[in-house]
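What follows is each chain in one-letter form.
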Amino acid sequence: MSKPTRTSGKAEVNRRNFLARGVGAVAIAGTGTQEAGAQTGNGITWDYAADVVVIGAGVAGLPAAITARDNGASVIVVDENFDIGGRGILSGGRVQVGGGHALQQKLGIKDTPDMLFNDWVRFDHSESRYSDRDLIRVFADENVPTYDFLVENGVEFIEKPIRSPDASTVDRIFVTKEWHIPSQVYAPRRNRNGSGLVRRMEESARKKGVQIFLKHKMTSIVREKHNAGRVLGIITIAGSNPVNIQARKGVIIASGGHTGNVNFRRIFDPRLTEEYQQACSPYVHQGADGELAAMDIGASLWSTANQTVDEAAQITKTRHIGCRWGYSSLVYEPDSPMFQQARATGLTVRDWQNMIFVNQNGKRFWDETDGSHGFFHAAMAYNGDKTKLNGGGPIWAIFDADAVTREKWKPEPPHVDRDGYFFSADTIPELAANIKNPYQKAPISGATLQETVNRYNGFVAAGADADFKKPTPLYKIEKPPFYAAWTTPILHDTLTGIRTNTDSQVIDIRGEIIPGLYCAGESQGGFAQHGLTRCIVFGRIAGRHAARRQVAETSGTR
């Protein structure tokens, strides 16, 4: 196997000494390095070179790197974060993999690639309806080899399937075992089993000679000409140092999705303004970097309807209120390395009957016990603010001391974030006056909030919610102190992205292949499956094709 080349003669950097030195001490970029102009290959001094360069060390990037290395290519992976894993390291580790692999056979689950394909091209299910069927065909055929790949690279599965909640008609969700070192999980004791998936792949990738450069932010993809010719490499920034990395065969975009980029996500849904936070923050920021860099050199988006289907998990109801990032299955506890940034665990809700939800005007808008897309649409509805026509604004959970007792909460730090996301007062009007948050554009009227609470208390007394049909409202809000907790819906899945063919090669806006550019994972469009498997499958496909690619000297070759 060929190995990555340091074209400027710089020292090799591995994760451990890299992290120990810190971003300010990064020294792998050469002095006098010329940054590319307009993403073209003219005048660039390459600091590093490898056959395949992967952007992102997560659930798509790591299998891409391993597979490229298995096929004889030298590989460099870059990631802007201080550690690997992306959102996958904070996931529940649910790998939806089927087709009749060994574990399915062991458990007596009958499945085939054709069954898998037929499930994911169903017209009667919104998560499968808009998929690119060419991609689904290759995905179905690659499921069993993908399961084998994971096992061969050290990934361990719990031998009990989880019922698929989507278009699948047989059990295909299998959970990986959590990584055994809590400090490398980032949300320990919270069933972050995805850590076992990405840590095992990282371990395998390093053993096989993949170089991983952390704290390297990709800023552009270099092509021979602005919208023509083959891709030559990438430009990154490490601290304040530019680092230019040549890709002799291909660049693979595996940078995650776009939920953290307000401008980009509003391409698909203009209502998703700045108040909607991103799941897995602050560990991960999905800034659409890969998508934007690819589009800068001509790439097309694909299958964009998938981002707004009313059945998928692109937006979710928070379960942990009173903190900024209250994604339903993720809690950063005080001993987490991320807690200083997260600032609070949130108050975990057991019963939504214990509160009401109000919008930025202090008015109820929906049944609090509902978590359907009807709730999300109501939360994002226009509510009369002439200065904010798009976006629904913050959503606040309003409750009292009795609710705290019923839920057995401790409404104080580290459980709540009093810096803009949790408030208390002895009266409802005082509570309204206390609510101050960067996304709360105008004060809530104390009289309006009091009227809302009084009306709801009347529904409790009557035993029926005349406004939103909440099933038998149970508890009045009447015992001080009173509380307001941030409970704004939180964004989760990226379900669309860059157009590729079945080899994961990126397609431009004219339907032509961009030679040497690949995409996999949440940055890739065409497939709306929630979970990890689509990332792994197309990461493997991209790594394999890039490693085997024959590069001619002339421009525009495949």
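Residues numbered from 1 in each chain as written. Predicted model: local features only at pLDDT ≥ 70, side-chain atom pairs only at ≥ 80, totals over all residues. Heavy atoms only, no water.

Student: Please explain the packing of aromatic side chains as it appears in this structure.
Tutor: Within the structure shown, the criterion is met by 20 aromatic pairs. Seen from their ring centres, phenylalanine 139 and phenylalanine 538 are 6.4 Å apart, and the 15° between their planes marks the pair as stacked. Of this pair, phenylalanine 139 sits in helix H6 (residues 133–152) while phenylalanine 538 sits in helix H15 (residues 533–548), and the two are 399 residues apart along the sequence. Residue class for phenylalanine 538 comes out buried when judged on its relative accessible area of 0%. Site record: aromatic cluster; members linked through ring pairs are Trp352, Phe357, Phe365, Phe375 and Phe376. Seen from the ring of tryptophan 352, lysine 317 lies directly overhead, with NZ or CZ sitting 4.1 Å from the centre. (Phe/Tyr/Trp six-rings, centres within 6.5 Å; stacked < 30°, edge-to-face > 60°. Helix = DSSP H or I, 4+ residues; strand = E, 2+ residues; numbered from the N terminus. Buried < 20%, exposed > 50% of the residue type's maximum accessible area, 1.4 Å probe, protein only. Lys NZ or Arg CZ within 6 Å of the ring centre and 35° of its normal.)

Student: Explanation requested: the sheet that holds strand E15 (residues 422–425) in the structure shown.
Tutor: Note: strands within a sheet are paired through backbone hydrogen bonds, in either parallel or antiparallel orientation. As summarised here, the arrangement of the four strands in space is E13-E14-E16-E15, forming an open sheet in which the pairing is antiparallel. At either end of the open sheet lies a strand with only one pairing partner, and these are strand E13 (356–358) and E15. If you compare each strand with its neighbour and ignore which way they point, the axes differ by 25° on average. Across five bridges, the pairing between strand E14 (residues 396–400) and strand E16 (residues 482–486) is antiparallel. When the sheet's bridge partners are listed, tryptophan 396 is paired in E16 with tryptophan 486. Sitting on the sheet, helix H14 (residues 446–462) is in contact with E13 and E14, with an inclination near 150° to E13. (Pairing = 2+ DSSP bridges. Axes fitted to C-alpha atoms, helices over the stretch in contact; angles between N-to-C directions. Contact = heavy atoms within 4.5 Å.)

Student: Would you mind showing me how to read the state of the cysteines here?
Tutor: Note on terminology: disulfide describes a covalent bond linking the sulfur atoms of two cysteines. Taken as a whole, this structure holds zero disulfides when the rule is applied. Cysteine 535 provides the cysteine sulfur closest to cysteine 280, a residue in no disulfide bond, and the two sulfurs are 12 Å apart. The exposure class of cysteine 280 is buried, given its relative accessible area of 5%. (Disulfide = S-S within 2.5 Å.)

Student: Even after reading the chapter, I still don't get helix H7 (residues 194–207), so can you show me in this structure?
Tutor: Structurally, the α-helix is built with 3.6 residues per turn, so residues lying three or four positions apart point the same way. The end-to-end C-alpha distance of H7 is 20 Å, a good match for the 20 Å that 14 residues give at a rise of 1.5 Å each. Here H7 lies mainly inside the structure; 11 of its 14 residues are buried. Backbone geometry just after H7 places glycine 209 at a positive phi near 100°. (Expected span 1.5 Å × (residues − 1).)

Student: How should I be thinking about the pairing of strand E2 (residues 75–78) in this particular structure?
Tutor: Side-chain direction in a regular strand flips from residue to residue, so the side chains alternate between the two faces of the sheet. Where burial is concerned, the two faces of E2 agree: the one with Val75 and Val77 and the one with Ile76 and Val78 are both buried. As paired elements, strand E1 (residues 48–55) and E2 share four bridges and run parallel to each other. Counterpart to isoleucine 55 in the pairing with E2 is valine 78.

Student: I keep staring at H15 and nothing clicks. Help me out?
Tutor: Relative to the 22 Å expected for 16 residues at 1.5 Å per residue, H15 spans 23 Å between its end C-alpha atoms, a close match to the ideal helical length. The element H15 is largely enclosed, with a buried count of 13 among its 16 residues.

Student: What's the story with the side chain of threonine 67 in this structure? I'm lost.
Tutor: Tracing the chain through its elements places threonine 67 in helix H2 (residues 61–70). In terms of polar contacts, threonine 67 uses its side chain to reach the backbone carbonyl oxygen of proline 63, at 2.8 Å. Those residues in contact with threonine 67 that sit more than four places away from it in its chain are Phe149, Arg540, Gly543 and Arg544. (Polar contact = N/O pair within 3.5 Å; in protein donor to acceptor, adjacent residues only side chain to side chain.)

Student: Looking at this structure, I do not really get the pattern of salt bridges. What am I missing?
Tutor: If charged atoms from side chains of opposite charge come close, those side chains can pair. By the definition in use, this model includes 35 salt bridges. With its nearest N and O atoms 3.0 Å apart, the salt bridge here joins aspartate 70 to lysine 208. Of this pair, aspartate 70 sits in helix H2 while lysine 208 sits in the loop between H7 and strand E5 (211–213), placing them 138 residues apart in sequence. What makes aspartate 70 partly exposed here is its relative accessible area of 41%. We classify lysine 208 as partly exposed; its relative accessible area is 29%. Between lysine 106 and glutamate 159 there is a salt bridge whose closest N-O contact spans 2.8 Å. Placement of the pair is lysine 106 in helix H3 (residues 102–106) and glutamate 159 in the loop between H6 and strand E4 (173–175), with a sequence separation of 53 residues. Residues joined by salt bridges that share partners form a network here, namely Asp83, Arg199, Glu202 and Arg206. (Salt bridge = Lys/Arg side-chain N within 4 Å of Asp/Glu carboxyl O.)

Student: Help me understand the packing of H2 against H15 in this model?
Tutor: If you want to describe how two helices pack, look at the angle between their axes and the distance between the axes. Their axes nearest at 7 Å, the elements H2 and H15 cross at an angle of 35°. Crossing angle aside, the handedness with which H2 passes H15 is right-handed. The segment H2 lies against H15, with Pro63, Ala64, Thr67 and Ala68 engaging Ile536, Gly539, Arg540, Gly543, Arg544 and Ala547. Partitioning the contact of H2 with H15 into residue classes produces five nonpolar, three polar and two charged. (Left-handed = near helix turned anticlockwise from the far one by under 90°. Nonpolar A, V, L, I, M, F, W, Y, C, P; charged D, E, K, R; others polar.)

Student: Explanation requested: the packing of H2 against H7 in the structure shown.
Tutor: Where H2 meets H7, the closest approach of the two axes is 9 Å, and the angle between their N-to-C directions is 30°. With respect to H7, the element H2 is oriented roughly parallel. Seen along the crossing, H2 lies across H7 with a hand that is left-handed. The residues of H7 that touch H2, namely those facing Leu62, Pro63 and Ile66, are Val198, Met201, Glu202, Ser204 and Ala205. Among the residues making up the contact of H2 with H7, the classes are represented as six nonpolar, one polar and one charged. (Parallel < 35°, antiparallel > 145°, perpendicular 65-115°, else oblique.)

Student: Looking at this model, I keep getting lost on the environment of isoleucine 398. Mind explaining?
Tutor: Examined against the element boundaries, isoleucine 398 turns out to sit in strand E14. On the basis of relative accessible area, isoleucine 398 is assigned to the buried category, the value being 0%. Separated by 47 residues in sequence, isoleucine 398 and serine 445 place their C-alpha atoms 14 Å apart. Not counting chain neighbours up to four residues away, the residues in contact with isoleucine 398 comprise Met355, Ile356, Val358, Leu431, Leu449, Val453, Ile477, Tyr483 and Ala484.

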